Amino acid sequence: MVRCKLCQRNPPNPNGLCNECMDEIGVVEMPPARRRAGPCLKCNGFKFVRVIPREYTVKSHRDMNLAEVAPMTLTQQPVVTERLMREGNTVDAPRVVLGEGMLETYTCMSCGYIEWYCEDPSEIPIGPEYMSELVDYSPDAPYR
Ligand SMILES: [Zn+2]
Ligand SMILES: [Zn+2]
């Protein structure tokens, strides 16, 4: 039986890792490559290492600290919880696991130049709580 390449216990996904290990180390299946085939913008090199960078943080939970690891994203959802029996919501810091707009990098193996891409640009939430705004330079856009 084929087993996860890390824990050697559970059945793996196509990437060779089981769901439990993927959650633990903040890994997701790599989406299709975003960058178009072509040479490095700086040195015309043809070989790259494609990496989805991850963010690492620690979340305190009662008496212990829990590691949180997730793919790096452009922005994160704030944690908004309705207050019980009282008016309004409680607002907490975003969590790295609630990110939107997963990032993807290509590092040129000749010169080390790094190109960044966003895996799902149309899914990036827009608003002051995300520190994002839409910039539209198309000729018929209302604001230019
Ligand atoms: Zn595993
Ligand atoms: Zn290069």
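Details of the structure are given in the entry above.
Attention here is on the structure that accompanies the text. As the structure is a computational prediction, the values presented were derived from the model and not from experiment.

### Things to note about the packing of aromatic side chains
Two aromatic rings are characterised by how far apart their centres lie and by the angle between their planes.
Part 1 of the reasoning: Counting across every chain of the model gives 1 aromatic pair.
Part 2 of the reasoning: Residues Tyr106 and Tyr117 carry aromatic rings whose centres are separated by 5.7 Å and whose planes lie at 90° to one another, so their mutual orientation is edge-to-face. Of the two residues, Tyr106 sits in strand 7 (residues 99–108) while Tyr117 sits in strand 8 (residues 114–118), which places them 11 residues apart along the sequence.
Part 3 of the reasoning: Exposure remark for Tyr106: the relative accessible area of 7% places this residue in the buried category.
Part 4 of the reasoning: The exposure class of Tyr117 is partly exposed, given its relative accessible area of 26%.
Part 5 of the reasoning: Positioned above the aromatic ring of Phe48, the side-chain terminus of Arg35 is 4.3 Å from the ring centre.

### Observations regarding the coordination of the zinc ion (ligand 2)
Part 1 of the reasoning: At the metal site, the zinc ion (ligand 2) is ligated by Cys40 (SG), Cys43 (SG), Cys108 (SG) and Cys111 (SG), and these contacts range over 2.3 to 2.4 Å.
Part 2 of the reasoning: In this structure, the zinc ion (ligand 2) is coordinated by 4 donor atoms arranged in tetrahedral fashion, with angles at the metal of 101 to 115°.
Part 3 of the reasoning: Counting gaps between the donor residues of the zinc ion (ligand 2) yields the pattern C-x2-C-x64-C-x2-C. Here Cys43 is found in the loop between helix 1 (19–25) and strand 1 (48–51), whereas its partner Cys111 is found in the loop between strand 7 and strand 8, with 68 residues between them in sequence.
Part 4 of the reasoning: Residue classification places Cys111 among the partly exposed residues on the basis of a relative accessible area of 40%.

Definitions and cut-offs
Residues numbered from 1 in each chain as written. Chains lettered and ligands numbered in written order. Predicted model: local features only at pLDDT ≥ 70, side-chain atom pairs only at ≥ 80, totals over all residues. Heavy atoms only, no water. Phe/Tyr/Trp six-rings, centres within 6.5 Å; stacked < 30°, edge-to-face > 60°. Helix = DSSP H or I, 4+ residues; strand = E, 2+ residues; numbered from the N terminus. Buried < 20%, exposed > 50% of the residue type's maximum accessible area, 1.4 Å probe, protein only. Lys NZ or Arg CZ within 6 Å of the ring centre and 35° of its normal. Donors = N, O, S within 2.8 Å, 3.2 Å for Na, K, Ca; no water. Tetrahedral: all angles 85-135°; square planar, octahedral: opposite > 155°, others 65-115°.

So, to be careful, I would describe these as geometric facts and stop short of saying anything about function.
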